[in-house]
Amino acid sequence: MVVSFSKRKSKSSKKTEEPRIFFCNNLCSIFFRSLFYLTFLTIFFFFLIYLWLSFTTLISDNVLHICVLSRKLNDPYCLTADSKPVFQMSTNLTTKSDVLSKDEEIGYEVSGDDTKRYGVNVISGEDHKTKKESVEEQDNNYIKPKNEEEGYALRAVTKYLKVQRSWISTRNKIEKSRSCEGKGVYVYEIPSKFNRDLLVDCIDMVPWTNMCKFFKNDGFGEAIENLGQGWFRTHQYALEPILHSRVLKHPCRVYKESQAKLFYVPFYGGFDVLRWHFKNVSNDVKDRLGIEVLKWLGSKESWKRNAGKDHVFVLGKISWDFRRNKDSWGSSFLDLQDMQNPTRLLIERHPWEVNDIAIPHPTYFHPKTDYDITSWQDKMTSKPRRNLISFAGGARPGDPSSIRSTLIDQCTLFSNQCRFLNCSDGSCDKPENVINLFQDSEFCLQPPGDSPTRKSVFDSLISGCIPVIFDPYTAYYQYAWHLPEDHKRYSVYINQEDVKEKRVNVVEKLMTKTPRQREDMRSYIVHHLLPGLVYGDSNAKFDRFRDAFDITFDNLIEKINKLV
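Sequence order as written defines residue numbering, which begins from 1 separately in each chain. Totals for whole chains, interfaces and linings use every residue, but because this is a predicted model, local features are given only for residues with pLDDT of at least 70 and side-chain atom pairs only at 80 or more, for both listing and counting. The basis for every side-chain value is the complete set of heavy atoms in the structure, and neither hydrogens nor water enter the calculation.

**Details of the overall build of the protein chain**
1) Next: For the purposes of this entry, the term helix denotes a DSSP run of H or I that reaches at least four residues, the term strand denotes a run of E that reaches at least two, and both are numbered from the N terminus. On a plain count of helices and strands, the protein chain comes out with 17 helices and 14 strands.
2) Next: Relative accessibility under 20% of the residue-type maximum defines a buried residue, over 50% an exposed one, and the middle range a partly exposed one, all with a 1.4 Å probe and only protein chains included. The buried share of the protein chain, reckoned over its 564 residues, is 52%.
3) Next: For this analysis, residues touch if any pair of their heavy atoms sits within 4.5 Å. For the protein chain, long-range pairs separated by at least 24 residues make up 69% of all intrachain contacts whose partners lie at least 6 apart in sequence.
4) Next: What sets the accessible areas is the Shrake-Rupley method with a 1.4 Å probe; for residues, cover comes only from the shown protein chains. A total of about 28700 Å² of accessible surface is found on the protein chain, and carbon and sulfur atoms cover 52% of it.

**As for the pattern of salt bridges**
1) Next: Salt bridges are defined as contacts in which a side-chain nitrogen from Lys or Arg sits within 4 Å of a carboxyl oxygen from Asp or Glu. The tally for this structure, following the rule as stated, stands at 25 salt bridges.
2) Next: The shortest N-O distance in the salt bridge between Arg-233 and Glu-432 comes to 3.1 Å. Residue Arg-233 is located in the loop between strand E4 (185-187) and helix H6 (239-248), and its partner Glu-432 is located in helix H12 (residues 431-439); the two are separated by 199 residues in the primary sequence.
3) Next: Classification of Glu-432 as buried rests on a relative accessible area of 11%.
4) Next: Between Asp-498 and Arg-503 there is a salt bridge; the shortest N-O distance is 2.8 Å.
5) Next: Each member of the salt-bridge network shares a partner with another, and the members are Arg-323, Asp-335, Arg-344, Glu-353 and Asp-356.

**Observations concerning the sheet that holds E4**
1) Next: Overall, parallel pairing links the six strands, which are arranged E5-E4-E6-E7-E8-E9 in an open sheet. Two strands in the sheet have a free side with no partner beyond their single neighbour: strand E5 (253-254) and strand E9 (356-358).
2) Next: Pairing analysis gives two bridges linking E4 to E5, with the strands arranged parallel. Residue pairing in the sheet places Tyr-186 in a bridge with Val-254 of E5. Strands pair, by our definition, only if DSSP identifies at least two bridges between them.

**Some words on the layout of surface pockets**
1) Next: Grid points spaced at 1 Å and placed over the protein atoms alone form the basis of the search, with a cavity being a set where a 1.4 Å probe fits but cannot get out and a pocket an open set showing protein on both sides within 12 Å along at least five of seven lines. Lining residues have an atom within 4 Å of a point. Grid points are joined across faces, edges and corners, and a volume is the space filled by probe spheres set on the points. Approximately 1600 Å³ is the volume attributed to the largest pocket.
2) Next: Taken together, 45 residues line the largest pocket, and the ones lying closest to its centre are His-235, Gln-236, Tyr-237, Asp-429 and Asp-450.
3) Next: Sorting the residues of the lining of the largest pocket by element identifies strand E7 (311-318), strand E10 (387-393), H12 and helix H13 (455-462) as the ones contributing at least two each.
4) Next: Any residue that is not Ala, Val, Leu, Ile, Met, Phe, Trp, Tyr, Cys, Pro, Asp, Glu, Lys or Arg is counted as polar, Gly included; the first ten are nonpolar and the last four charged. Class assignment for the residues of the lining of the largest pocket results in 18 nonpolar, 14 polar and 13 charged.
5) Next: Each domain's extent is set by a domain assignment, obtained either automatically or from a database. Each of domain 1 (183-363 + 547-563) and domain 2 (370-532) accounts for three or more of the residues forming the lining of the largest pocket.

**Some thoughts on the packing of helix H10 (residues 370-382) against helix H16 (residues 515-529)**
1) Next: Each axis is a line fitted through C-alpha atoms, taken for helices only over the stretch in contact, and angles between the N-to-C directions span 0 to 180 degrees. At their nearest, the axes of H10 and H16 sit 10 Å apart, and the two run at 170° to each other. On the basis of their axis angle, the class for H10 and H16 is roughly antiparallel. On the side of H10, the interface is formed by Gln-377, Met-380 and Thr-381, while H16 contributes Arg-522, Val-526 and His-527.
2) Next: The class makeup of the residues in the contact of H10 with H16 is two nonpolar, three polar and one charged. The labels follow the angle: roughly parallel below 35 degrees, roughly antiparallel above 145, roughly perpendicular from 65 to 115, and oblique for the rest.

**Some details on helix H4 (residues 148-165)**
1) Next: Between its first and last C-alpha, H4 extends 26 Å over 18 residues, near the 26 Å set by a 1.5 Å rise per residue.
2) Next: The set of residues buried in H4 consists of Gly-151, Tyr-152, Ala-153, Leu-154, Ala-156, Val-157, Lys-159, Tyr-160, Leu-161, Val-163, Gln-164 and Arg-165.
3) Next: Put simply, Asn-147 is the residue that caps the front of H4, since its side-chain oxygen is 3.2 Å from the backbone nitrogen of Glu-149. Expected helix span is taken as 1.5 Å per residue step, with the number of steps being one fewer than the number of residues. Side-chain atoms alone can form a polar contact between residues adjacent in sequence; in general such a contact is a pair of N or O atoms within 3.5 Å, and within protein one must be able to donate a hydrogen while the other accepts it.

**Here's the deal with unusual backbone geometry**
One can expect most non-glycine residues to show negative phi and most peptide bonds to be in trans.
1) Next: The phi dihedral of Asn-217 is positive, around 55°, even though this residue is not glycine.
2) Next: Looking at where Asn-217 falls in the secondary structure, it is placed in the loop between E4 and H6.
3) Next: Located in the positive-phi region is Lys-502, a residue other than glycine, with phi close to 60°.

**Focus on the side chain of Gln-164**
1) Next: In this structure, Gln-164 sits in helix H4.
2) Next: Residue classification places Gln-164 among the buried positions, given a relative accessible area of 1%.
3) Next: Other than its neighbours up to four places away in sequence, Gln-164 contacts Arg-349, Glu-353, Val-354, Asp-356, Ile-357, Gln-478, Ala-480 and Trp-481.

**Some remarks on the sheet that holds strand E14 (residues 492-493)**
For sheets, the rule is that strands pair by backbone hydrogen bonds, running either parallel or antiparallel.
1) Next: Read from one edge to the other, the open sheet built from five strands follows the order E11-E10-E12-E13-E14, with strand pairing classed as parallel. The open sheet is flanked by strand E11 (418-422) and E14, the only strands paired with a single partner.
2) Next: In this fold helix H11 (residues 404-413) packs onto E10, E11 and strand E12 (441-446), with an angle of close to 130° to the strand it touches most, E11.

Pasting the structure below:
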């Protein structure tokens, strides 16, 4: 009985524990499965958020592209089947595809049609204003876009400038020695028909003057004795022979292509354009020499190696003179396919072409030594300024968009505050008249002329006269290497539309500037900007300063180092 009872008890105990084990198994299974699904859904949810934040929407050719951006991908992965967006992300900045700096790892490729329409068609992930946008950046929005396309174009302008500023060299700040290691400059010995021979026909190059006098002294022109040492009658288009002479004596010039970092092509494309400006010849004739020089370069291994990306051309006119449209003015040199990769140095750049680099117009002052610069600086800071405002220019009665007539009227109305030098009667043909006027003035009015930029802006700056800018394309959207991003330090901006609509009197507005404000601005111009705005003598030797030529070629080397 005991044994039997014991067995029954054992059996009963077993039946009692089995439901408990079964219940625990079910509950634990449900719990862990729920936890697994919840974890999976959470990860998937955050993954979707990550993808959403990584998407960008691009619109081109009436097609909507949804693309995923990645720091590890050079190009976006686009979900649109069998299509390619107009804008391509790239970490290699070369030509029209470059709108943002390499550090930002985002760029844009511009379609030819859009470029012809309104300069560029850009959609950026930074189009909207962020909290990080500084007050200064907001103040620099000088033009109010009339539509969305203009908004894209204007934002592209500032992005291209940002790219160009990313190439500004810091060598002179961090290196005391001026070593030529990794900075070799090679000068091609091209046939003389591409440069010096173009200056031979200087007598009838333009109808109203003999250009030969401007080609003396390595392109500086005739000396101006009464202005002192280093002053010449330099023509505004003389950049090509001036820089050619300097490059030939560059301390880092090399004579073997294998030792070069930068290749300089001494083609005088500006004078090639100028010689045909006033002659009735076909477009084929105007384009012939440019095509020939590229054909000559095409046979060189040094050109083929990097497709011209490490080559530089100096073109001493405005970019539009090399981008002929419907009319017969100029050449199409910069629209040629082989000219898309090289760097082009011009006195006025195309605002939506990143390889167009604007450098200062040549002034009349070409110092040879540090002393030439410091003595001129001392003179400009101590010079009494008898005129609050001056304007050297002429009216443009045939141009309804010009504000010059309004400025002349306002200036002559306040003759005790503003002095007008009429260039229409030839008064500005003598450099002494212009320079003496600017030396006597606190502010110099700089409205646009035939194009937005003016040589007069640089003449005023080296004279210690604060330029008054009416169009941001005159200076702010041009000279990223030679003028600071903070434009208020060296200039006053007055919107030309306000002048045209007579919403502002320029003289009255400038009268509100205090003597301390004027003095601070002039001191900055003379001591910080002036040395970098002049092109030194072809035999110049500077120890304390870097002139416009030095700054330009330092930055060119920096650009090549980053891109090639």
